[in-house]
Amino acid sequence: DTAKPAAVSAPSSLEVVAAQIEIAVEPSAPKVGDEIKASVQALNVFKGAEMHWLPLPSNVRLLGRSKDGRVIQFYMTDSKPARLQIQARQPGGAVLGGAAATVQARSYEVSIAGPVPGSPAPQLWVPGSGLVKVTDRLAVDQNLSFTASVKGMADDAALTFLWSAKEEACSVRTPVSRKAEVVCSETGRFTIAVTVRDERGVELGRAAGGFDVTISQEQLRAAWNCAKADQLEKEAAALAAQGLQEE
(Lines give C-alpha, C1' and ligand atoms only; values in the text may rest on other atoms or scores of the structure.)
Protein backbone atom coordinates (compact mmCIF):
# COMPACT_ATOMS: atom_id res chain seq x y z
CA ASP A 1 0.00 0.00 0.00
CA THR A 2 1.05 3.52 -0.71
CA ALA A 3 1.65 5.47 2.50
CA LYS A 4 -0.46 8.59 2.91
CA PRO A 5 1.39 11.81 3.67
CA ALA A 6 1.04 13.05 7.21
CA ALA A 7 -1.16 16.07 7.73
CA VAL A 8 0.83 19.30 8.17
CA SER A 9 -0.72 22.12 10.15
CA ALA A 10 -0.59 25.66 8.87
CA PRO A 11 2.14 27.81 10.46
CA SER A 12 0.84 29.98 13.28
CA SER A 13 2.01 33.49 14.23
CA LEU A 14 2.16 35.06 17.70
CA GLU A 15 1.35 38.73 17.77
CA VAL A 16 3.45 40.63 20.35
CA VAL A 17 1.82 43.83 21.50
CA ALA A 18 4.15 46.52 22.81
CA ALA A 19 3.49 47.47 26.40
CA GLN A 20 1.84 50.83 26.92
CA ILE A 21 3.56 52.65 29.77
CA GLU A 22 3.32 56.18 31.10
CA ILE A 23 5.30 58.02 33.78
CA ALA A 24 3.41 60.34 36.11
CA VAL A 25 5.42 62.94 38.06
CA GLU A 26 4.27 64.69 41.25
CA PRO A 27 4.41 67.57 41.87
CA SER A 28 4.14 68.72 38.30
CA ALA A 29 6.11 71.94 38.93
CA PRO A 30 8.74 71.05 41.56
CA LYS A 31 11.52 73.24 42.89
CA VAL A 32 15.12 72.22 43.37
CA GLY A 33 15.54 70.18 46.55
CA ASP A 34 11.84 69.23 46.71
CA GLU A 35 10.93 65.55 47.04
CA ILE A 36 9.50 64.31 43.75
CA LYS A 37 7.66 61.08 43.01
CA ALA A 38 7.66 59.37 39.62
CA SER A 39 5.25 56.46 39.21
CA VAL A 40 4.63 54.07 36.33
CA GLN A 41 1.20 53.58 34.92
CA ALA A 42 1.20 50.33 32.91
CA LEU A 43 -1.89 49.96 30.73
CA ASN A 44 -1.45 46.54 29.10
CA VAL A 45 1.60 44.95 30.72
CA PHE A 46 1.22 41.37 31.85
CA LYS A 47 1.44 40.73 35.57
CA GLY A 48 4.89 39.16 35.59
CA ALA A 49 6.63 42.04 33.80
CA GLU A 50 9.54 43.67 35.59
CA MET A 51 10.08 47.42 35.64
CA HIS A 52 13.63 48.67 35.12
CA TRP A 53 14.58 52.35 35.44
CA LEU A 54 17.46 53.33 33.22
CA PRO A 55 20.39 55.14 34.91
CA LEU A 56 19.21 58.44 36.32
CA PRO A 57 20.70 61.75 35.12
CA SER A 58 23.49 63.28 37.19
CA ASN A 59 21.26 66.01 38.62
CA VAL A 60 18.76 63.49 40.05
CA ARG A 61 19.34 62.11 43.55
CA LEU A 62 17.42 58.94 44.36
CA LEU A 63 15.74 58.82 47.77
CA GLY A 64 13.96 55.46 47.48
CA ARG A 65 11.86 53.15 45.35
CA SER A 66 8.89 50.84 45.81
CA LYS A 67 9.35 47.06 46.03
CA ASP A 68 7.84 46.50 42.61
CA GLY A 69 10.05 49.19 41.09
CA ARG A 70 7.13 51.17 39.76
CA VAL A 71 7.63 54.22 42.00
CA ILE A 72 10.78 56.20 42.77
CA GLN A 73 11.32 59.20 45.04
CA PHE A 74 14.07 61.68 44.27
CA TYR A 75 15.07 65.34 44.28
CA MET A 76 16.74 67.60 41.74
CA THR A 77 20.08 69.26 42.44
CA ASP A 78 19.64 72.05 39.87
CA SER A 79 17.18 73.57 37.42
CA LYS A 80 18.41 71.70 34.34
CA PRO A 81 15.94 69.30 32.65
CA ALA A 82 16.32 65.60 33.49
CA ARG A 83 15.01 62.74 31.38
CA LEU A 84 13.61 59.74 33.25
CA GLN A 85 13.35 56.45 31.36
CA ILE A 86 11.85 53.10 32.29
CA GLN A 87 11.42 49.76 30.52
CA ALA A 88 9.02 46.87 31.05
CA ARG A 89 10.84 43.58 30.59
CA GLN A 90 9.97 39.92 30.62
CA PRO A 91 11.61 37.93 33.42
CA GLY A 92 14.06 36.68 30.82
CA GLY A 93 15.13 40.20 29.92
CA ALA A 94 13.26 40.90 26.68
CA VAL A 95 12.02 44.49 26.51
CA LEU A 96 8.25 44.75 26.19
CA GLY A 97 8.02 48.52 26.04
CA GLY A 98 9.19 51.70 27.64
CA ALA A 99 8.40 55.28 28.52
CA ALA A 100 10.20 58.54 29.23
CA ALA A 101 9.39 61.80 30.98
CA THR A 102 11.32 65.04 31.35
CA VAL A 103 11.40 66.72 34.75
CA GLN A 104 12.67 70.24 35.35
CA ALA A 105 12.79 71.89 38.75
CA ARG A 106 12.66 75.63 39.35
CA SER A 107 15.09 77.59 41.47
CA TYR A 108 13.77 79.50 44.46
CA GLU A 109 13.41 83.27 44.29
CA VAL A 110 16.10 84.82 46.48
CA SER A 111 16.07 88.52 47.35
CA ILE A 112 18.40 90.87 49.20
CA ALA A 113 17.21 93.65 51.50
CA GLY A 114 19.62 96.49 52.23
CA PRO A 115 21.94 98.10 52.68
CA VAL A 116 20.95 99.23 56.16
CA PRO A 117 23.61 101.63 57.47
CA GLY A 118 24.90 101.09 60.97
CA SER A 119 25.42 103.68 63.68
CA PRO A 120 26.84 106.23 64.05
CA ALA A 121 25.75 107.99 60.89
CA PRO A 122 28.50 109.84 59.01
CA GLN A 123 28.72 113.60 59.54
CA LEU A 124 29.64 116.27 57.03
CA TRP A 125 30.42 119.92 57.62
CA VAL A 126 27.78 122.43 56.48
CA PRO A 127 28.76 126.12 56.81
CA GLY A 128 26.38 127.86 59.12
CA SER A 129 25.07 124.59 60.53
CA GLY A 130 28.19 122.74 61.61
CA LEU A 131 28.41 118.96 61.62
CA VAL A 132 25.28 117.42 60.10
CA LYS A 133 24.39 113.71 60.21
CA VAL A 134 23.88 112.20 56.76
CA THR A 135 21.25 109.46 56.58
CA ASP A 136 20.63 109.25 52.83
CA ARG A 137 24.18 108.45 51.74
CA LEU A 138 26.73 105.77 52.58
CA ALA A 139 30.28 106.36 53.75
CA VAL A 140 33.53 104.43 53.55
CA ASP A 141 34.25 102.27 56.62
CA GLN A 142 30.58 102.42 57.58
CA ASN A 143 29.04 99.13 58.67
CA LEU A 144 26.33 98.08 56.19
CA SER A 145 23.95 95.16 56.70
CA PHE A 146 22.19 93.07 54.05
CA THR A 147 19.58 90.36 54.67
CA ALA A 148 18.72 87.46 52.35
CA SER A 149 15.29 85.90 52.11
CA VAL A 150 13.98 82.93 50.11
CA LYS A 151 10.41 83.17 48.84
CA GLY A 152 8.36 80.22 50.04
CA MET A 153 10.82 79.28 52.79
CA ALA A 154 10.34 79.95 56.50
CA ASP A 155 12.91 82.18 58.19
CA ASP A 156 13.90 79.30 60.49
CA ALA A 157 14.42 76.80 57.65
CA ALA A 158 17.73 74.91 57.73
CA LEU A 159 19.49 76.95 55.06
CA THR A 160 23.08 77.99 54.52
CA PHE A 161 24.17 81.28 53.01
CA LEU A 162 27.36 82.32 51.28
CA TRP A 163 27.91 86.04 50.68
CA SER A 164 30.57 87.61 48.51
CA ALA A 165 31.54 91.09 47.36
CA LYS A 166 32.53 91.46 43.74
CA GLU A 167 34.96 94.30 44.35
CA GLU A 168 38.09 94.02 46.51
CA ALA A 169 37.34 97.34 48.22
CA CYS A 170 34.46 95.70 50.11
CA SER A 171 34.75 92.92 52.67
CA VAL A 172 32.04 90.69 54.13
CA ARG A 173 32.44 90.20 57.87
CA THR A 174 29.71 87.57 58.27
CA PRO A 175 29.72 85.66 54.96
CA VAL A 176 27.81 82.52 56.05
CA SER A 177 24.77 83.90 57.87
CA ARG A 178 21.40 85.16 56.67
CA LYS A 179 22.46 88.69 57.56
CA ALA A 180 25.75 89.94 56.12
CA GLU A 181 27.82 92.81 57.50
CA VAL A 182 29.78 94.63 54.80
CA VAL A 183 32.39 97.40 54.98
CA CYS A 184 33.86 99.24 51.98
CA SER A 185 37.15 101.15 52.08
CA GLU A 186 36.59 103.21 48.93
CA THR A 187 33.82 105.17 47.25
CA GLY A 188 32.13 103.76 44.17
CA ARG A 189 29.49 101.37 42.89
CA PHE A 190 29.67 97.93 44.49
CA THR A 191 27.91 94.57 44.14
CA ILE A 192 27.01 92.11 46.88
CA ALA A 193 25.86 88.55 46.06
CA VAL A 194 24.47 85.60 48.01
CA THR A 195 23.99 81.90 47.25
CA VAL A 196 21.50 79.87 49.31
CA ARG A 197 21.64 76.09 49.82
CA ASP A 198 19.49 73.63 51.73
CA GLU A 199 20.63 71.12 54.33
CA ARG A 200 21.63 68.65 51.60
CA GLY A 201 23.87 71.25 49.98
CA VAL A 202 21.54 71.78 47.02
CA GLU A 203 21.71 75.30 45.61
CA LEU A 204 18.20 76.74 45.95
CA GLY A 205 18.90 80.09 44.32
CA ARG A 206 21.07 83.16 44.26
CA ALA A 207 20.73 86.93 44.13
CA ALA A 208 22.87 90.03 43.71
CA GLY A 209 22.39 93.73 44.33
CA GLY A 210 24.27 96.96 43.82
CA PHE A 211 24.82 99.94 46.11
CA ASP A 212 26.78 103.22 46.09
CA VAL A 213 29.26 104.51 48.63
CA THR A 214 29.65 108.26 48.02
CA ILE A 215 31.21 109.77 51.18
CA SER A 216 34.98 109.45 51.17
CA GLN A 217 37.43 109.32 54.03
CA GLU A 218 38.76 112.71 52.90
CA GLN A 219 35.31 114.26 53.27
CA LEU A 220 34.91 112.81 56.76
CA ARG A 221 38.36 114.03 57.76
CA ALA A 222 37.69 117.49 56.33
CA ALA A 223 34.41 117.67 58.27
CA TRP A 224 36.22 116.75 61.49
CA ASN A 225 38.93 119.34 60.84
CA CYS A 226 36.32 122.03 60.19
CA ALA A 227 34.53 121.12 63.39
CA LYS A 228 37.79 121.26 65.33
CA ALA A 229 38.75 124.61 63.82
CA ASP A 230 35.31 125.99 64.58
CA GLN A 231 35.60 124.84 68.19
CA LEU A 232 39.04 126.46 68.55
CA GLU A 233 37.71 129.65 67.03
CA LYS A 234 34.83 129.72 69.48
CA GLU A 235 37.17 129.05 72.42
CA ALA A 236 39.50 131.83 71.28
CA ALA A 237 36.58 134.22 70.94
CA ALA A 238 35.38 133.28 74.42
CA LEU A 239 38.85 133.92 75.90
CA ALA A 240 39.07 137.25 74.12
CA ALA A 241 35.67 138.28 75.42
CA GLN A 242 36.70 137.24 78.94
CA GLY A 243 39.89 139.33 78.67
CA LEU A 244 37.97 142.36 77.64
CA GLN A 245 35.67 141.97 80.60
CA GLU A 246 38.60 141.69 83.00
CA GLU A 247 40.07 144.94 81.66
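Everything below is about the structure shown above.
Notes on the structure follow. (Residues numbered from 1 in each chain as written. Predicted model: local features only at pLDDT ≥ 70, side-chain atom pairs only at ≥ 80, totals over all residues. Heavy atoms only, no water.)

1. Quick look at unusual backbone geometry
We apply this condition: Counting from the N terminus, the helices are the DSSP runs of H or I reaching at least four residues and the strands are the DSSP runs of E reaching at least two.
Between Glu26 and Pro27 the backbone carries a cis peptide bond, its omega angle lying at -5 degrees. One can find Pro27 in the loop between strand E1 (21-26) and strand E2 (36-42). Note that the residue after Gly114, namely Pro115, is joined by a cis bond; omega there is 10 degrees. Inspection of the secondary structure puts Pro115 in strand E8 (residues 110-117). Non-glycine residue Asp141 carries a positive phi angle of around 65 degrees.

2. Quick notes on the sheet that holds E8
The pairing of strands in a sheet happens through backbone hydrogen bonds and is either parallel or antiparallel. Inclusion rule: Strands pair, by our definition, only if DSSP identifies at least two bridges between them. Axis geometry follows a simple rule: fit a line to the C-alpha atoms, using only the stretch in contact for helices, then measure angles between N-to-C directions, giving values from 0 to 180 degrees.
Here four strands make up an open sheet; going across it, the order is E8-E11-E14-E13 and the pairing antiparallel. Edge positions in the sheet fall to E8 and strand E13 (170-172), since each of these pairs with one other strand and no more. Neighbour-to-neighbour, the strand axes of the sheet open up by a mean angle of 25 degrees, direction not taken into account. By the bridge criterion, six bridges tie E8 to strand E11 (residues 144-150) in an arrangement that is antiparallel. Note on E11: the bridge partner recorded for Ser111 is Ser149.

3. Considerations on the side chain of Ser216
Worth spelling out the cut-off: Two residues form a contact once any of their heavy atoms are found within 4.5 Å.
Assignment of secondary structure puts Ser216 in the loop between strand E16 (203-213) and helix H1 (217-246). Once residues lying within four places of it in the same chain are set aside, the contact partners of Ser216 are Val140 and Thr187.

4. A short note on the packing of aromatic side chains
Inclusion rule: Aromatic pairs are defined between Phe, Tyr and Trp rings, using the six-membered ring for Trp, whenever the two ring centres lie within 6.5 Å; interplanar angles under 30 degrees are classed as stacked, those over 60 as edge-to-face, and all others as tilted. Exposure categories follow from relative accessible area, calculated using a 1.4 Å probe and restricted to protein chains: below 20% of the type maximum is buried, above 50% is exposed, and the middle band is partly exposed. For a Lys NZ or an Arg CZ to count as sitting over a ring, it must be within 6 Å of the ring centre and within 35 degrees of the ring normal.
One pass over the structure, following the stated rule, counts two aromatic pairs. Ring centres of Phe146 and Phe211 lie 5.2 Å apart, and the angle between their planes is 50 degrees; on these two criteria the pair is classed as tilted. Of this pair, Phe146 sits in strand E11 while Phe211 sits in strand E16, and the two are 65 residues apart along the sequence. The burial state of Phe146 is the same as that of Phe211; both residues are buried. With 6.0 Å between their ring centres and 45 degrees between their planes, Phe190 and Phe211 make a pair best called tilted. Here Phe190, found in strand E15 (residues 188-197), pairs with Phe211, found in strand E16; they are 21 residues apart in sequence, far enough to count as distant. The same class applies to Phe190 and to Phe211, which are both buried. Between Arg200 and the ring centre of Tyr75, over which it is positioned, the NZ or CZ distance is 4.2 Å.

5. Looking at the pattern of salt bridges
Note the following rule: Salt bridges are defined as contacts in which a side-chain nitrogen from Lys or Arg sits within 4 Å of a carboxyl oxygen from Asp or Glu.
Under the definition given, this model contains six salt bridges. The partner of Asp212 in a salt bridge is Arg189, and the shortest N-O contact between them spans 2.9 Å. A residue pair is termed long-range when its members are at least 10 positions apart, and Asp212 in strand E16 and Arg189 in strand E15 qualify at 23 residues. The class for Asp212 is partly exposed, based on a relative accessible area of 39%. Of the charged contacts, one joins Glu203 and Arg197 as a salt bridge, the two residues approaching to 3.8 Å between their closest N and O atoms. What emerges from the salt-bridge pattern is a single network uniting Arg197, Glu203 and Arg206.

6. Here we look at the environment of Trp125
Within the secondary structure layout, Trp125 lies in strand E9 (residues 123-126). Since its relative accessible area comes to 26%, Trp125 is described here as partly exposed. For the pair Trp125 and Ala227, spaced 102 residues apart in sequence, the C-alpha to C-alpha distance is 7.2 Å. Beyond its immediate chain neighbours, meaning those up to four positions away, Trp125 contacts Gly130, Leu131, Ala223, Cys226, Ala227 and Asp230.

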